[in-house]
Amino acid sequence: MRWFMGLLLALALAVVGCSETAGSGGSGGSGGLGGEGGSVGLGGTPSRTAELEEFLDGHIEGQARVDEAGIAVALLGPGGVVELERTYGMANIEDSIPMTSDTVFELASVSKPFTATAIMVLYEEGQLAPEDQVSSSFPEAPPGWASMTVHHLLTHQSGLPDYISEQPPGTVEGWDNDDVLDYLLATPLQFPPGDGFDYSNSGYVMLAILVERITGESFPDFLSERVLEPLGMLDTFVPAESPPNIPAMARSYLLGSPREYSARTYGAAQVHSTLADLIRWELGIRDASVLSADTLALMATVHVEVPAAGEVSYLDDCGYGYGWAICDSFVGPLQQHGGRWGGFRNVVDRHMTEGLTTIMLSNGSYDWAFQIGPELLELYLEPRAAR
């Protein structure tokens, strides 16, 4: 079950985790909340957008105050229409900075689809293939890694121990990717590659190192040049310091108190982005701007079945593709990934048959907020089902 604490769900990438009540943005009344529209611009039907906003305002108001940590939410409809873009609460409580669509969040495990995308850029260029042995780029690899492939890293079947969950709390703060690699080289595999499934942040750190060894570029630079900049995602980056010292950065809150984090590893996490940029990401993916439709389909293919997690009420019968989980849910099949780090709770839910995507970002350790996306999808689809 540990893998679910890292990706698709309300318990993803748990280094520390607690939940609290949520915040809201804009001008709310008597401690409630009022949402604010975003900067990308809405293109949805006014009546549909108003219905979605009313539902979301009411849902969050029951959990939240305007002066608490916040949430940013978007729903994209068929054809790339932004049906909903809404922010609530505070990006930084101490400095009274409200949440906006341009607030920067640490995406935690929602970084993994970006790492997988970087790998698939190299795949399309013929610089690697999923069946390539990892040891071909890691000559220092121990004998047990001989059968380990890029596919195994992408699908959490490598057998590599998770460098976060296998360490005492706080041990890995300050580690960089070289420290992770040293740990992995010295630690036995949990099972032979391909013989099991165990969610491993280590595998995605390895993928970032693999990009660097193949290209000769740093992973942050390669990701920026080959994925982010072509999509116009100019506020998305892997920072040189953590947390980055930028005015637009959302502060992380656990149990209502600031929880600063220190992380120097990347690949499994550490992509920083905004709601506005993630909308651009989704639109670019739909347009096949960075990867071909065939490669995107390969990423969204179930390559390994994984156990269901009882903690996640809206997911069932899940598999894992390349950087994405593919699950059944009460609203239909979802391609999705969640992330959790400090007070950040983030998730992208992409409906695989209806052309809908929801994005939820939050900074107040709001585990309940993972449910917002599927509930918005259900509301959006209800009128169509009734007709």
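Residues numbered from 1 in each chain as written. Predicted model: local features only at pLDDT ≥ 70, side-chain atom pairs only at ≥ 80, totals over all residues. Heavy atoms only, no water.

Draft legend 1. Region of the structure containing the overall build of the chain. If you tally the helices and strands in the chain, you get nine helices and 17 strands. By residue count, 59% of the 387 residues in the chain fall in the buried class. Of all intrachain contacts in the chain linking residues separated by at least 6 positions in sequence, the fraction that spans at least 24 positions is 73%. As displayed, the chain offers around 13600 Å² of accessible surface, 49% of which is attributable to carbon and sulfur atoms. (Helix = DSSP H or I, 4+ residues; strand = E, 2+ residues; numbered from the N terminus. Buried < 20%, exposed > 50% of the residue type's maximum accessible area, 1.4 Å probe, protein only. Contact = heavy atoms within 4.5 Å. Areas by Shrake-Rupley, 256 points an atom, 1.4 Å probe, with all protein chains shown as cover.)

Draft legend 2. Up close: the packing of helix α5 (residues 201-215) against helix α6 (residues 219-228). Running from N to C, α5 and α6 cross one another at 80°; their axes reach a closest spacing of 9 Å. It follows that α5 is roughly perpendicular to α6 by the angle criterion. Every residue of α6 that contacts α5 at A208, V211, E212 and T215 is listed here: F219, P220 and F222. In terms of residue class, the contact of α5 with α6 is made up of five nonpolar, one polar and one charged. (Axes fitted to C-alpha atoms, helices over the stretch in contact; angles between N-to-C directions. Parallel < 35°, antiparallel > 145°, perpendicular 65-115°, else oblique. Nonpolar A, V, L, I, M, F, W, Y, C, P; charged D, E, K, R; others polar.)

Draft legend 3. Highlighting the pairing of strand β4 (residues 71-76). Across the six residues of β4, six count as buried, placing the element largely inside the fold. Here β4 shows two buried faces, one formed by I71, V73 and L75 and the other by A72, A74 and L76. Hairpin connection of β4 to strand β5 (residues 82-88): five residues between the antiparallel strands, including G79 at a positive phi of 75°. As paired elements, β4 and strand β17 (residues 356-362) share six bridges and run antiparallel to each other. Note that in β17 the partner of L75 across the bridge is T358. (Pairing = 2+ DSSP bridges.)

Draft legend 4. Layout of the layout of surface pockets. Estimates place the volume of the largest pocket at around 310 Å³. Along its surface, the largest pocket is lined by 18 residues, and I285, R286, L296, Q335 and R350 are the ones closest to its centre. (1 Å grid on protein atoms, 1.4 Å probe; cavity = no way out; pocket = protein on both sides within 12 Å on 5 of 7 lines; lining within 4 Å. Points joined across faces, edges and corners; volume = space filled by probe spheres on them.)

Draft legend 5. The side chain of N177, seen in detail. As for its placement among the helices and strands, N177 is situated in helix α4 (residues 177-186). Of the residues examined, N177 reaches a relative accessible area of 6% and is grouped as buried. Leave out the neighbours within four places in its chain, and N177 touches V205, A208, I209, R264, T265 and Y266.

Draft legend 6. Helix α1 (residues 46-61), seen in detail. Taking 1.5 Å per residue, 16 residues should reach 22 Å; α1 reaches 22 Å between its end C-alpha atoms and fits that length. If you check which residues of α1 are buried, you get R48, T49, L52, E53, L56, D57 and I60. Projected onto a plane normal to the axis of α1, the buried residues spread over an arc of 160° and lie on a single side. Facing away from the buried side of α1, by more than 90 degrees, are the exposed residues S47 and E54. (Expected span 1.5 Å × (residues − 1). Arc of directions from axis to C-beta.)

Draft legend 7. Layout of unusual backbone geometry. Phi is positive for H156, which is not a glycine, with a value near 60°. Its place among the elements puts H156 in the loop between α3 (150-154) and α4. For H156, a relative accessible area of 1% puts it in the buried group. Of note, Q270 is a non-glycine position whose phi angle comes to about 85°, a positive value.

Draft legend 8. View of the packing of helix α2 (residues 112-124) against α6. Relative to each other, α2 and α6 sit at 75°, their axes nearing to 10 Å. When the interaxial angle is binned, α2 and α6 end up roughly perpendicular. Listed contacts from α6 to F114, T115, T117, A118, V121 and L122 of α2 are F219, F222, L223, R226, V227 and L228. Class assignment of the residues belonging to the contact of α2 with α6 gives a composition of nine nonpolar, two polar and one charged.

Draft legend 9. Geometry of a negative patch on the surface. A cluster of like negative charges, contributed by E305, D316, D317 and D328, occupies part of the molecular surface. Relative to the assigned elements, D317 resides in strand β13 (residues 315-320). (Patch = residues over 30% accessible without salt bridge, like charges linked within 9 Å, V, L, I, M, F, W, Y side chains within 5 Å. Salt bridge = Lys/Arg side-chain N within 4 Å of Asp/Glu carboxyl O. Lys, Arg positive; Asp, Glu negative; His and termini not counted. Charge placed at Lys NZ, Arg CZ, Asp CG, Glu CD.)

Draft legend 10. Structural detail: the nonpolar core. In this structure, I71, F114, I119, L154, M206, L223 and I372 are the most contacted members of the largest nonpolar core, which totals 110 residues. The element that contributes the greatest number of residues to this core is α5, accounting for eight residues. In contact with I119, other than residues within four places in its own chain, are L128, V150, L154, L207, L210 and V211. (Core = buried A, V, L, I, M, F, W, Y, C linked by side-chain atoms within 4.5 Å.)

Draft legend 11. How the structure looks around the pairing of strand β15 (residues 334-341). Most of β15 is tucked away, with eight of its eight residues classed as buried. Bridge analysis of strand β14 (residues 325-329) against β15 gives three bridges, and the strand direction is antiparallel. Looking at β15, one finds that A325 is bridged to Q336. Two successive antiparallel strands, β14 and β15, enclose a turn made up of four residues, where G332 displays a positive phi of approximately 115°. What sits between the antiparallel neighbours β15 and strand β16 (residues 344-351) is a turn of two residues, in which G342 has the positive phi angle 55°.

Draft legend 12. Region of the structure containing the state of the cysteines. Overall, the coordinates contain one disulfide when judged by the stated rule. Through a disulfide, C318 is tied to C327; the S-S separation comes to 2.0 Å. In this structure, the disulfide formed by C318 and C327 twists by about 115° around the S-S bond and is classed as right-handed. Taken individually, C318 and C327 each receive the classification buried, so the pair is uniform in this respect. (Disulfide = S-S within 2.5 Å.)

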